[in-house]
Amino acid sequence: NRSDLSPSSFILASIPGLEADHFWMAILLCSMYILAVTGNCAVLFIVKTEPSLHAPMYFFLCMLAAIDLALSTSTVPRVLSFYWFNTREISFGACLVQMFLIHTLSAIESTVLLAMAVDRYVAICHPLRHAAILTNAVTVKIGLVAMARGVLFFLPLPLLLLPLPFCSSRVLSHSFCLHQDVMNLACANTTPSVVYGLTAILLVMGLDAILICLSYILILKAVLRLASWKERLKVFSTCIAHICVVLAFYVPLIGLSVVHRFGKDLAPLVHIIMGNIYILVPAVLNPIIYGVRTKQIQRRILNLI
């Protein structure tokens, strides 16, 4: 019987004892979501309408904004529906689709962050060749490769879960669907899914993090060869925004992974907060960081206001 293998739906997690506060939590999440949508749409609009920003660095920033919009929109409206209208159930198919989108978009964002690190490396270490190496055509190809890489690596995740039988418990640890969370509810051998999920994360996010660190080691070596501290600080300051964005992405990702691996005995509130931070905080912070650090975007925002 197919109904014995795959549940018709899962139950999204609520915080025991705080059900009465869901309305106010939803207000906070909704405010952050509106801020994320407004900020990222502003970045897309400014780069599109400002010819001086039609350069690889800002095209990568547009990719980042589009990914953050898609990632937050694929989860937050469903979370708000749960908090405001108590619609705790999410269908099995919708859960797998949401899970695929979350992990795939995260992989694409990781690849774009790596591409931005390479852009900073070329701009600082090989400034005369920067325009020839990172052309607009190359930037578009990098975006397409990032999309293909994310889809190819993370499409097998829902496919591996699809044939698994699930136990009677259907309650997730978060207000949305993640691979580790759904996999833990299966009452069968999940070793293939565990191994593939870990391999995919290491080959995408793990490898990207190593290459980003390597690029900054090379950047630091080039910066330290400059004659004065003033020149060093001026050159390295062009990387500050990207470093902050990388931290805003990887710190919640690592925190969520640690909670899933070692935090089984933690309060449900910790799981839910870490999940919401992972989904929303990068989307909120990225346009703010680049808005503060990029003078062209600052001027354009002031002109719009």
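Residues numbered from 1 in each chain as written. Predicted model: local features only at pLDDT ≥ 70, side-chain atom pairs only at ≥ 80, totals over all residues. Heavy atoms only, no water.

### Some details on the overall build of the chain
(1) Moving on: On a plain count of helices and strands, the chain comes out with 14 helices and two strands.
(2) Moving on: The C-alpha radius of gyration computed for the chain amounts to 21 Å, which stays within 12% of the reference 19 Å derived for 305 residues, consistent with globular compactness.
(3) Moving on: Dimensions of the chain, computed from the C-alpha atoms along their principal axes, are close to 70 × 45 × 35 Å.
(4) Moving on: With 305 residues in all, the chain has 45% of them scored as buried. (Helix = DSSP H or I, 4+ residues; strand = E, 2+ residues; numbered from the N terminus. Rg over C-alpha atoms; globule rule 2.2 N^0.38 Å. Buried < 20%, exposed > 50% of the residue type's maximum accessible area, 1.4 Å probe, protein only.)

### A few points about the nonpolar core
(1) Moving on: In terms of nonpolar packing, the biggest core is built from 79 residues, with F10 and L113 touching the most fellow members.
(2) Moving on: Here this core gets 15 residues from one element, more than from any other, and that element is helix α5 (residues 92-125).
(3) Moving on: Ignoring sequence-local partners within four residues, the contact set of F10 consists of R88, E89, I90, F92, C95, F166, R170, L172, V182 and L185. (Core = buried A, V, L, I, M, F, W, Y, C linked by side-chain atoms within 4.5 Å. Contact = heavy atoms within 4.5 Å.)

### Thoughts on the pattern of salt bridges
(1) Moving on: Within the structure shown, the criterion is met by three salt bridges.
(2) Moving on: A salt bridge links E50 to R300; the shortest N-O distance between them is 4.0 Å. Placement of E50 in the loop between α2 (22-49) and α3 (56-73) and of R300 in helix α14 (residues 295-304) is noted, with a sequence separation of 250 residues between them.
(3) Moving on: Judged by its relative accessible area of 23%, E50 is partly exposed. (Salt bridge = Lys/Arg side-chain N within 4 Å of Asp/Glu carboxyl O.)

### Describing the state of the cysteines
(1) Moving on: In this structure the tally under the stated criterion is one disulfide.
(2) Moving on: Through a disulfide, C95 is tied to C177; the S-S separation comes to 2.0 Å. Here C95 and C177 share a disulfide; its torsion about the S-S bond, -120 degrees, makes the bridge left-handed. You can see C95 sitting in helix α5 and its partner C177 sitting in the loop between α8 (156-161) and α9 (179-183), a full 82 residues away along the chain.
(3) Moving on: In this structure C95 comes out as buried when scored by relative accessible area, which is 0%. (Disulfide = S-S within 2.5 Å.)

### Details of empty space enclosed by the protein
(1) Moving on: Evaluated as defined, the whole model comprises five cavities of 30 Å³ or more.
(2) Moving on: Together, H103, L178, Q180, I201, M205, L253, L256, S257 and Y278 line the largest cavity.
(3) Moving on: Counting only elements with at least two residues in the lining of the largest cavity, the list comes to α10 (191-224) and α12 (240-262).
(4) Moving on: Within the lining of the largest cavity, the residues separate by chemical class into six nonpolar, three polar and no charged.
(5) Moving on: Roughly 60 Å³ of internal volume is contained in the second largest cavity.
(6) Moving on: Lining the second largest cavity are M57, F60, M116, D119, R120, T238, A241, H242 and Y290.
(7) Moving on: For the lining of the second largest cavity, the secondary structure elements donating two or more residues are α3, α5 and α12. (1 Å grid on protein atoms, 1.4 Å probe; cavity = no way out; pocket = protein on both sides within 12 Å on 5 of 7 lines; lining within 4 Å. Points joined across faces, edges and corners; volume = space filled by probe spheres on them. Nonpolar A, V, L, I, M, F, W, Y, C, P; charged D, E, K, R; others polar.)

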